[in-house]
Amino acid sequence: MTFVYSKLITSVSGSNRTIFYSISLLAAFVMLLGTAWIGDDAFITLRVIDNFINGYGLRYNVIERVQVFTHPLWLFLLMPFYALTREAMVTTMAVSLMLSLVAFWLLAVRIAKETVQGCLLVLAAVASPAICDFSSSGLESPLTFMLLALFVWQLYRSEKPWIPAAIAGLLLLNRLDLVVLLGPVMAFVLWQTRGTERIKVAAVLVFPALAWMIFSLVYYGAPFPNTAYAKLGTGYGTATLIARGLVYAQDFLLNDPLLALLITAAIIIALRSRSWPAILLGVGILLYIAYTISIGGDFMSGRFFAAPGFLALCLLARASPPRWLINQGWVAVLAAIIVIGIMLMSRMTERPITVDDISSTGIADERRFYYGDNGLLPLLRTWWATGSEPIHPWGVAFKAMGQQAQTPVTVVNGNAGMRGYYGGPRVHFLDNLALTDAFLARLPAIPGARVGHYERGLPPAYVETAAQPVPTTDSAPLQPLLRDITLATRAPLLAEGRAEAIWRLLSGHYNWVYRAVIYRVRE
């Protein structure tokens, strides 16, 4: 037995290293394949893509220009695949899994110092509900993971600082709040460069996001996504948001203790290192966690810990592993693969949760909620059995409504994803959570709303006129705000008065709305 084990170690450290990489990545792929799913929020982006491909522009509701997505780069990456297949769920999950596998390969093969170390970190990634679940889901996380892996690899490898800076620029275009995660280390990279090199680094870092913000300002009438106004402009106090954020962090600790432990270890190792890039990446992780808590967290369990968690794995991959891990770590790798197999069987057979199962905190395991209808394997089984493309029950009635409608139909609902996507362009979806409505996003949220579901009161007459070219409201104090929103989002780009309306919206002219008691508009 000793002889066999010594031969195994010898072979791994030699030419058969690729075999063990392959086994670990295959185990990770099987785990991702078995747990892949797509959530409702992904269909908000998919509706924009579908409208664009069908000639309506980058819009959610075809009558107005509202940026309902937070990830321009992910939208543009997904667009050609969707244009080719015209199918939403399997296409999106396939692209997501491809990107996640590339990210894991970079983590194991290009970033990790030792083979065993890289394999264990990949297996740890898929053992983490936060990273594994959001390696699919239809949101931007897989692209974030791949770009983070490329960034760390090039940060330590490239002699040209503009290369990691350009990757960081793409990360900001993929999700702007990642500036909190990468800001410290990119400030250091800028400080290290001189002259024209600094200009080049600064240009490739800020140009993608800045160019998009300028386009967004001109086209949508706002430099930031409408979701930022809807979720950050709730009118809730700082203390309330921090209390909710701490509950979100507690939920993460209870449901993903492995990743929480690895994040903690990565931060400690980074801060104790003598490498400024490592130290500042560790600081970035701490800042991003603090930012997540400060905005009140989210309703998707673990989602906002996935990106800092993956970056933490990259930091651990750069750290020198202990000698015992190099010499005896293959026992741990094989054991981890067995554990992953057990976890996969457990997660594929676990009972789905319903609305009644969501805790009083409002935080939910979104994958368990949607997997039965929107999981990759259940979808493929249904497709094979019926021969027709599966549709989530939420979308069936809305698809029929959209096909039968001769004129735009206004629907008020708080689930703007699948219902909106399957309803199509004839359904004007009025999202009372304000994710897709620029007017409602400027109103305070109703007190006590579920985290991430900040419902707005509906002003009188607005619902009845929302699908018209010029919507109205009987609430006199809100009429100037609605007129400016209409000019910014529905008038031609060069319409008279549009620039002034956008300026008023950006300059704080309507900040009084957040201080006013407007909930009587529901009466």
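How each quantity is defined
- Residues numbered from 1 in each chain as written.
- Predicted model: local features only at pLDDT ≥ 70, side-chain atom pairs only at ≥ 80, totals over all residues.
- Heavy atoms only, no water.
- Helix = DSSP H or I, 4+ residues; strand = E, 2+ residues; numbered from the N terminus.
- Rg over C-alpha atoms; globule rule 2.2 N^0.38 Å.
- Buried < 20%, exposed > 50% of the residue type's maximum accessible area, 1.4 Å probe, protein only.
- Contact = heavy atoms within 4.5 Å.
- Areas by Shrake-Rupley, 256 points an atom, 1.4 Å probe, with all protein chains shown as cover.
- Lys, Arg positive; Asp, Glu negative; His and termini not counted.
- Charge placed at Lys NZ, Arg CZ, Asp CG, Glu CD.
- Axes fitted to C-alpha atoms, helices over the stretch in contact; angles between N-to-C directions.
- Parallel < 35°, antiparallel > 145°, perpendicular 65-115°, else oblique.
- Nonpolar A, V, L, I, M, F, W, Y, C, P; charged D, E, K, R; others polar.
- Disulfide = S-S within 2.5 Å.
- pLDDT = per-residue confidence, 0-100.
- Salt bridge = Lys/Arg side-chain N within 4 Å of Asp/Glu carboxyl O.
- Pairing = 2+ DSSP bridges.
- Right-handed = clockwise from strand over helix to strand, strands pointing away.
- Patch = residues over 30% accessible without salt bridge, like charges linked within 9 Å, V, L, I, M, F, W, Y side chains within 5 Å.
- Phe/Tyr/Trp six-rings, centres within 6.5 Å; stacked < 30°, edge-to-face > 60°.

Draft legend 1. Region of the structure containing the overall build of the protein chain. Counting its regular elements, the protein chain contains 26 helices and two strands. Taken against the 2.2 N^0.38 rule, which gives 24 Å for 523 residues, the C-alpha radius of gyration of the protein chain at 24 Å falls within 12% of a compact globule. Buried residues in the protein chain amount to 55% of all 523 residues. In the protein chain, the share of contacts with a sequence separation of at least 24, taken over all contacts with a separation of at least 6, comes to 71%. Looking at the protein chain as shown, the accessible area adds up to about 22300 Å², and 65% of this sits on carbon and sulfur atoms. Charge centroids of the protein chain, computed over 39 positive and 30 negative side chains, lie 9 Å from each other.

Draft legend 2. How the structure looks around the packing of helix α2 (residues 17–35) against helix α6 (residues 115–127). Contact geometry for α2 and α6: axes closest at 9 Å, N-to-C directions at 5°. The angle between α2 and α6 places the two elements in the roughly parallel class. Each of R17, F20, Y21, S24, L25, A27, A28, M31 and L32 in α2 lies in contact with α6, whose residues at this interface are T115, C119, V122, L123 and V126. Here the contact of α2 with α6 is composed, by residue class, of eleven nonpolar, two polar and one charged.

Draft legend 3. Quick look at the state of the cysteines. Counted under the stated rule, the structure contains zero disulfides. In this structure C132 is not part of a disulfide, and its nearest cysteine sulfur, from C314, lies 17 Å away. The thiol of C314 is unpaired, and the distance to the nearest cysteine sulfur, on C119, comes to 15 Å. Residue C314 is classed as buried on the basis of its relative accessible area of 0%.

Draft legend 4. Looking closely at the packing of helix α13 (residues 238–255) against helix α15 (residues 276–294). Two numbers describe how α13 lies on α15: the axes approach to 6 Å, and their chain directions differ by 120°. On the basis of their axis angle, the class for α13 and α15 is oblique. On α15, the residues that touch L241, I242, G245, L246, Y248 and A249 of α13 are T292, I293 and S294. When the residues that make up the contact of α13 with α15 are grouped by side-chain class, the tally is six nonpolar, three polar and no charged.

Draft legend 5. How the structure looks around the side chain of R175. Position of R175 relative to the elements: it lies in the loop between α9 (162–174) and α10 (179–192). Exposure remark for R175: the relative accessible area of 12% places this residue in the buried category. For R175, the contacting residues outside a window of four places in its chain are T70, E140, Y288, R303 and F304.

Draft legend 6. How the structure looks around the confidence of the model for the protein chain. Residue-level pLDDT values for the protein chain average 91, and 94% of them are 70 or greater. Scored below 50 in pLDDT, residues 1–12 shows eleven contacts in the model against residues more than four places distant or in partner chains. The model gives residues 517–523 a pLDDT under 50, and that stretch makes 17 contacts with residues more than four places away or in other chains.

Draft legend 7. Structural detail: the pattern of salt bridges. Counted according to the given criterion, the structure contains ten salt bridges. Linking R175 and E140 is a salt bridge whose minimum nitrogen-to-oxygen distance equals 3.6 Å. Highlighted residues: R175 in the loop between α9 and α10 and E140 in the loop between α7 (129–133) and α8 (141–157), separated in sequence by 35 residues. Accessibility classification places R175 together with E140 in one group, the buried group. For the salt bridge of K231 with D298, the shortest nitrogen-to-oxygen distance reads 4.0 Å. Here K231 is found in helix α12 (residues 226–232), whereas its partner D298 is found in the loop between α15 and α16 (303–318), with 67 residues between them in sequence. Under the relative-accessibility criterion, K231 is labelled partly exposed at 22%. On the accessibility criterion, D298 (2% relative accessible area) is buried.

Draft legend 8. Up close: the environment of V201. As for its position among the elements, V201 is in helix α11 (residues 195–219). The buried category is assigned to V201, whose relative accessible area is 0%. Linking V201 and K160, residues 41 residues apart in sequence, is a C-alpha distance of 9.2 Å. Setting aside residues up to four positions removed in sequence, V201 forms contacts with P161, W162, A165, V189, L190 and T193.

Draft legend 9. The arrangement of the pairing of strand β1 (residues 409–413) in detail. Pairing analysis gives five bridges linking β1 to strand β2 (residues 427–431), with the strands arranged parallel. Residue pairing for β2: T410 is matched across the bridge by H428. Where the polypeptide runs from β1 across helix α21 (residues 418–423) and back to β2, its parallel neighbour, the crossover connection is right-handed.

Draft legend 10. Structural detail: a nonpolar patch on the surface. On the surface, V206, L210, I214, L217, V218, L493, L494 and L506 cluster together into a nonpolar patch covering about 720 Å² of accessible area. Residue contributions to the nonpolar patch peak at five residues, all from α11.

Draft legend 11. Here's a closer look at the packing of aromatic side chains. Inspection of every chain in the model, using the stated rule, returns 27 aromatic pairs. Taking 6.4 Å as the distance between ring centres and 80° as the angle between the ring planes, the aromatic pair formed by F69 and Y220 counts as edge-to-face. Pair noted here: F69 is in the loop between α3 (42–53) and α4 (72–85) and Y220 is in the loop between α11 and α12, with a separation of 151 residues, a long-range link. The same class applies to F69 as to Y220, namely buried. On the basis of an interplanar angle of 85° and a centroid distance of 6.4 Å, the ring pair of F215 and Y220 is categorised as edge-to-face. By relative accessible area, which is 32% here, F215 ends up partly exposed. The buried category is assigned to Y220, whose relative accessible area is 3%.

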